[in-house]
Amino acid sequence: MSTEEQSTQTSQFFENVEQKFREMISTLQTAETSKMTFSGLELLLEKEGRELLRLMLQSQVNFRGLGDVGSSVEGADEVIRTHKRVGERDLKSIFGKVELERMGYGNRGVDSFFPKDSSLNVPENSFSYELQRRISLEVIKGSFDNAVDSIIETTGQIIPKQQVEQISVKASQDFDAFYVENSSQSNSKENLNTAPLLILTTDGKGIVMHKEDLRPATRKKAEASNKKMETRLSPGEKKNSKRMATVASVYTINQYFRSPEDFKNDLDSIKTPEETPRPKPLDKRVWASVEKPSEEVITEMFDEAIRRDPDKKKTWVALVDGAPHQIKLIKSEAKSRGISITIICDIIHVVEYLWKAAWAFYDKEDNKNAEKWVNERFIAILEGKSSTVAAGIRRTATKRDLSESARKSVDACSDYLLNKTPYLKYDTYLQQGFPIATGVIEGACRHLIKDRMDITGARWRMMGAEAILKLRSLKSSGDFSDYWKFHEKQEFLRNYESQYKNLPLIQHQILN
């Protein structure tokens, strides 16, 4: 075939594209179009332009041929497929529906293979990976219903809510493998990061679940509870409807040297002097899981930290809210790995306990004296005097002969300060430049869980909740784009490379 004949044959695949483009040009030149507003023109071109792009995509797919690679194809199962037939399937793209016509190879009792599908790496379901990527980004932002509406608005594709949920679950399946695969890249990245402090922090946040997806103890309580009213909880009734998700974060940061004096008269927000810029977390990764137990998430947190600092040259710090089980797990992990780690209880939680105790001594209207009382003890705690503060609070309560109910908050504060004394050495932490507040993990809890999972009336199933947490974690950590490339590669390995005896040869035959 001559070059001219080949060019003519090729152009035939794109005749409908050229025709559509000419139609659009003609439309733009009509008197009716000339009377349209700017926004009207935008909508017209969006609709017609999307159809033009769909035709271009369809034509290019057709141009590739049927994917006929010869008389037979041998699968990884060593079955030679000799029965040839042309098969068709539809695929929804971001431009609209595209029809795939391709040669299939089959045999009795085995699945048929379509080599052209492998060369295009089309998904098993009927939604292109780019469409799935956009769906995943939309479900990260808001409800599934909003995601459906947004996809219609931006692509014109109508996808039922149930399928949107299924796509998000499938899209998140390579989350764990992605971070294991990229561990060497993490090490390389961290080697360029000279920040001396490696921070590990974790917390928990409840998610409202369907009863069958609650943890056994919570489900038992939920099943045993007697609701007095159908539409709402009665006073004193507990929901027993939440399953705790564990949130974790690992990052590095530079030291920030301070003293208790820096915090005086600045209790409300615990700021630092403006003239001293606060260092920012570097290479921060955050993630959460409602499916895995906290033990497993904390193990993953240490795995991530080890990937960043395999030689344990950095100073390891764990920031916690003070939960005993949490501290126990961190200590156990550190000991089993031979890691020296400093555990610090979040100063914000300490201040919250102080305020609760303050209202046992002062009326709600006496804000100034209550604030002064809290501030004095806050500074003393920063000076490393938490046990002295605890004892002083108890003595004051005894002298004032507080009622039993008022005494509860005082005792709770004192008990917290005494029990957590080993983790409240703030004078030392400030001298060493350690962070003392869990702002990163608090922000992660709010962003990963509360802002998305706490939508009014939402009640989650396990797979859906876990998928959304993973996708939001990827986005928050700045890893979503890299993850999606990895996910498409894994899909190819699952769907195609594992099928064929010699896929590279088949791919070569298609392309040539």
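Below: a short report on this structure. (Residues numbered from 1 in each chain as written. Predicted model: local features only at pLDDT ≥ 70, side-chain atom pairs only at ≥ 80, totals over all residues. Heavy atoms only, no water.)

Focus: the pattern of salt bridges
Scanning the entire structure with this criterion turns up 30 salt bridges. Put simply, Lys-292 and Asp-176 hold a salt bridge, and the shortest N to O gap is 3.1 Å. With a gap of 116 residues between them, Lys-292 in the loop between strand 8 (282-289) and helix 12 (294-308) and Asp-176 in helix 9 (residues 175-181) connect regions that are remote in the sequence. Ionic pairing is found between Glu-376 and Arg-377, a salt bridge with its closest N-O pair at 3.4 Å. Owing to a relative accessible area of 44%, Glu-376 belongs among the partly exposed residues under this scheme. Classification of Arg-377 by relative accessible area gives partly exposed; the value is 21%. Salt bridges linked by common partners bring Lys-170, Asp-174, Glu-491 and Arg-494 together as one network. (Salt bridge = Lys/Arg side-chain N within 4 Å of Asp/Glu carboxyl O. Helix = DSSP H or I, 4+ residues; strand = E, 2+ residues; numbered from the N terminus. Buried < 20%, exposed > 50% of the residue type's maximum accessible area, 1.4 Å probe, protein only.)

Thoughts on helix 20 (residues 462-476)
End to end, helix 20 covers 21 Å across 15 residues, agreeing with the expected 21 Å (1.5 Å per residue, within 8%). Where burial is concerned, most of helix 20 is hidden: 12 out of the 15 residues are buried. The set of residues buried in helix 20 consists of Met-462, Gly-464, Ala-465, Glu-466, Ala-467, Ile-468, Leu-469, Lys-470, Leu-471, Arg-472, Ser-473 and Leu-474. After helix 20 finishes, the residue Gly-478 shows a positive phi value of roughly 75 degrees. (Expected span 1.5 Å × (residues − 1).)

Regarding unusual backbone geometry
Despite not being glycine, Asn-121 has its phi angle at roughly 50 degrees, a positive value. Looking at the element boundaries, Asn-121 is found in the loop between helix 5 (115-120) and helix 6 (129-141). Given a relative accessible area of 16%, Asn-121 falls into the buried group. Of note in this structure, Asp-283 is not a glycine but carries a positive phi near 50 degrees. Mapped onto the secondary structure, Asp-283 falls in strand 8.

Section: the sheet that holds strand 4 (residues 97-107)
Read across the sheet, three strands follow the order 3-4-5 without closing on themselves; strand pairing throughout is antiparallel. Since the sheet does not close on itself, it has two edges, and those belong to strand 3 (83-92) and strand 5 (110-113), each with one partner. Strand-to-strand, the axes of this sheet are offset by a mean angle of 40 degrees, without reference to chain direction. Taken together, the two bridges between strand 4 and strand 5 define a ladder with antiparallel strand orientation. (Pairing = 2+ DSSP bridges. Axes fitted to C-alpha atoms, helices over the stretch in contact; angles between N-to-C directions.)

Quick notes on the packing of helix 2 (residues 15-28) against helix 4 (residues 38-63)
Orientation of helix 2 relative to helix 4, taken along the N-to-C sense of each, is 165 degrees, at an axis distance of 9 Å. Here helix 2 lies roughly antiparallel to helix 4, going by the angle between them. Where helix 2 crosses over helix 4, the handedness of that crossing is left-handed. Along its contact with helix 2, which presents Asn-16, Val-17, Lys-20, Phe-21, Met-24, Thr-27 and Leu-28, the element helix 4 presents Leu-44, Leu-45, Glu-48, Gly-49, Glu-51, Leu-52, Leu-55, Met-56 and Ser-59. (Parallel < 35°, antiparallel > 145°, perpendicular 65-115°, else oblique. Left-handed = near helix turned anticlockwise from the far one by under 90°. Contact = heavy atoms within 4.5 Å.)

Observations regarding the environment of Arg-108
Examined against the element boundaries, Arg-108 turns out to sit in the loop between strand 4 and strand 5. Taking the relative accessible area as the measure of exposure, Arg-108 reaches 80% and is therefore exposed. Distance from Arg-108 to Thr-82, taken between C-alpha atoms, is 9.8 Å for residues 26 residues apart in sequence.

Considering the environment of Glu-153
By secondary structure assignment, the location of Glu-153 is in helix 7 (residues 144-155). Exposure remark for Glu-153: the relative accessible area of 61% places this residue in the exposed category.

Points about the pairing of strand 9 (residues 315-320)
Looking along a regular strand, one sees the side chains alternate between the two faces of the sheet. Burial of strand 9 is extensive: five of the six residues sit out of reach of the surface. Alignment of strand 6 (residues 197-208) against strand 9, held across five bridges, turns out to be parallel. Paired with Leu-198 across the strands is Trp-316, a residue of strand 9. When strand 9 meets strand 10 (residues 341-345), the two strands line up parallel, connected through five bridges. Directly across from Ala-318, in strand 10, lies its bridge partner Ile-343.

Here's the deal with helix 8 (residues 161-171)
Within helix 8, burial applies to Val-164, Ile-167, Ser-168 and Ala-171. All buried residues of helix 8 project into a common sector of 100 degrees when viewed along the axis, lining one side. Those residues of helix 8 that are buried are in contact with helix 6, helix 7, helix 20 and helix 21 (480-497). (Arc of directions from axis to C-beta.)

Details of a nonpolar patch on the surface
A cluster of nonpolar side chains, contributed by Phe-21, Ile-25, Leu-28 and Leu-45, occupies part of the molecular surface with about 330 Å² of accessible area. For the nonpolar patch, the element with the highest residue contribution is helix 2, accounting for three residues. Within the secondary structure, Phe-21 sits in helix 2. (Patch = residues over 30% accessible without salt bridge, like charges linked within 9 Å, V, L, I, M, F, W, Y side chains within 5 Å. Areas by Shrake-Rupley, 256 points an atom, 1.4 Å probe, with all protein chains shown as cover.)

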